[in-house]
Amino acid sequence: MPVNKPLHLMRLGVHAEQQYFELNKDKFDIVVFNANLVHHFASATATLMTSKLNGKKFIIDPITHAYGHHPQYIMTVSKDGGPAKIKSSLESLAHVYGPPISTAVSHVRQISPNDFSSTKPIEQFAKSVIDFQANFLASAIDPSDRKYILADVDAVLKPEFLIAPYFYMKSTTINDWLMINRNLVVASKKVAGDNNLYAEIVIDRGILDNVDELTKIANAYRELAECDGYLLWISDLSEHKSSLSTLCGLRNLVSILAQSEKPVINLYGGYYSLLLAGSGLTGVCHGPGYGEDRDVIPVGGGLPVSKYYLNPVHQRLLFRDVQFMVAGDVWRNIDDFFKEVCSGPVCQRVLSGDLKNNFEKFGSENVRENKGRTYSYPTTEARFLTTQHYLEAKAGEFNNVAEKDLKVLIEQLKEARGRYDKEMPGAQLRYLDTWVEALR
Amino acid sequence: MKELSLVVTVSDYLDSRSFHTVTELPFLQRRIDIVGYEPIKGALIAVEAKVKNWQSAFRQAVTCLLFADEVYIAMPTEYIHRVDKSELARFGIGLLEVNSSVHVVSKAISSRYISENHRKIVINRVQWLEMLQLKGQYNASQ
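Residues numbered from 1 in each chain as written. Chains lettered and ligands numbered in written order. Predicted model: local features only at pLDDT ≥ 70, side-chain atom pairs only at ≥ 80, totals over all residues.

As for the interface of chain A and chain B
- Each partner contributes to the interface: chain A provides 24 residues, whereas chain B provides 21 residues.
- Residue assignment for the side of chain A that touches chain B shows that the elements contributing at least two residues are α12 (319-327), α15 (355-359), β13 (365-370) and β14 (373-378) of chain A.
- Among the residues making up the side of chain A that touches chain B, the classes are represented as 9 nonpolar, 9 polar and 6 charged. (Contact = placed C-beta atoms within 7 Å. Helix = DSSP H or I, 4+ residues; strand = E, 2+ residues; numbered from the N terminus. Nonpolar A, V, L, I, M, F, W, Y, C, P; charged D, E, K, R; others polar.)

A word on helix α4 (residues 88-97) of chain A
All names here are of chain A.
- Taken as a whole, α4 has its buried residues at L90, L93, A94 and Y97. All buried residues of α4 fall inside an arc of 110 degrees around its axis, so they share one side.
- On the buried face of α4, the contacting elements are α2 (35-40), β5 (85-86), α5 (101-106) and α6 (119-139).
- One or two steps after α4, the chain reaches G98, where phi turns positive at roughly 75 degrees. (Buried ≥ 20, exposed ≤ 12 C-beta atoms within 10 Å, placed from the backbone. Arc of directions from axis to C-beta.)

Remarks on the domain arrangement of chain A
Residue and element names in this part refer to chain A.
- Segmenting chain A into domains produces domain 1 (7-286) and domain 2 (307-426).
- Each of domain 1 and domain 2 was reduced to a C-alpha centroid, and the two centroids are 31 Å apart.
- Counting residues at the interface gives 12 residues for domain 1 and 11 residues for domain 2.
- Looking at the side of domain 1 that touches domain 2 element by element, the count peaks at 3 residues for helix α11 (residues 271-275).
- By residue class, the composition of the side of domain 1 that touches domain 2 is 5 nonpolar, 6 polar and 1 charged. (Domains from an automatic or database assignment.)

Points about the sheet that holds strand β2 (residues 30-34) of chain A
- Pairing is parallel in the open sheet, where 8 strands are placed in the order β3-β2-β1-β10-β9-β8-β7-β6 (chain A). Both outer strands of the open sheet, β3 (57-61) and β6 (162-163) of chain A, are each paired with one neighbouring strand and no more. (Pairing = 2+ DSSP bridges.)

Some words on the confidence of the model for chain B
- Per-residue pLDDT for chain B averages 92, and the proportion of residues at 70 or more is 96%.
- Across the predicted assembly, pTM comes out at 0.93 and ipTM at 0.88. (pLDDT = per-residue confidence, 0-100.)

Considering the environment of T64 of chain A
All names here are of chain A.
- On the secondary structure map, T64 appears in the loop between β3 and β4 (75-76).
- Residue T64 is classed as buried on the basis of its 26 C-beta neighbours within 10 Å.
- Discounting residues that sit within four places of it in the chain, T64 has contacts with V129, P165, Y166 and F167.

Structural data, given as structure tokens:
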């Protein structure tokens, strides 16, 4: 049986991405902001939500986990050659959150379970994190500007739900953090008032392979009466690279939490997560063209690379690999491409007439030379086109999951594996088999 | 034998056959090891050189089929037996054996994946890199 359409969440990573949220306003349900971005760009964020995205629901991820890692992971090297410093957006947010976070940051140390050894710091911290989410954006609007805003500012700038503070757990730290994380949810509920409160469960992906650890965490949260829903962040979980055991673990985690009959949302997920709608997952979040997986520890970005989301295999592939398939006549003509891959507005507009020549627009690039080395990188237009195509494809996936039976969707995965495996030199489509097996 | 030696030996080989040869040519966010352009016939050859990992060279060589008439993988004599020649043949990619000289083990077949736009872009970049090399601004061995 088809399921209810999963909630479609989109994470705004930097304000430069606003155009995608505005252009695709009708294709997703909830905007997700990180708290440090909201705090650092308070006025811009408030203006976005009261103007271009007026009426759109949003939530603020308090990203409290950031203070639980070694400080080196949240530091930046000074441009003037001085010592590394805590990133300014996280440092200023720490002062909003107050002790024990601000104290730890002042001493350039990570927060530890010992910082929450009594009830008081837990309650203080929960209150400041909840207050920030509930009130900060509305307070960022200058009172004298309120008269120029047509919307009811306080209503528009109220998050769809609040998120309790949380810390990352891995196998060796479950015993340290699980009870504290639970207590933070309980304390948050006391100050959340009438607002819905969600618990964010952030764990190492290795936990999904360990039935005992997974069950311990899942049951601990399932039994939490104080929360109204769950957000999942499985660190560095790539649905395209994970083993069968890991993907089955994710399904198991979702199933246990869903027994509570509360919403379960994956904050970093792709198409496999969407297919877990039948197992109880009620929403999936990603960014504009990226963000289907993320490590809790920030990793370097590197130079941008053109990627085209190949809809039937549900993966962003290197543009050059898809161009190779186009050049090799994998699709006999443009109609075949529209039928098999994508007939969304962007592809219709870009590709109509001549598939082979026009497809190159998704991969147009510039070159530059710097210090004796040469680089090529996607043009602004190519990045726009590939991102817009991705967002159209994603919107289609959310609709498909709601409209089609899981058996039909699984058959489509098998067909895609058979159809494209031989056509992509060096391609790894084995994940499609793994997904099928994990969904049995 | 190091990859740089392979690249130098193959570049010299192409130079001696009237090709204008550049190395580390940026294309679709990769750097093609060697691209040779013969302006009179308008022929483009691309070579991906690897000491041991032929699969890695193969994956990169596939991208070259989008612009080059002929595409080769170059490997030293001691590791050339590892190459799956049938996989190369599937896409018409040729194989060069390199020791102190270059020996064509299997000749490449004209690429059927060429895009004229990409071909023009690469020819422009060959000329651009040659100019940078002449000005001494470009150091492919970095």
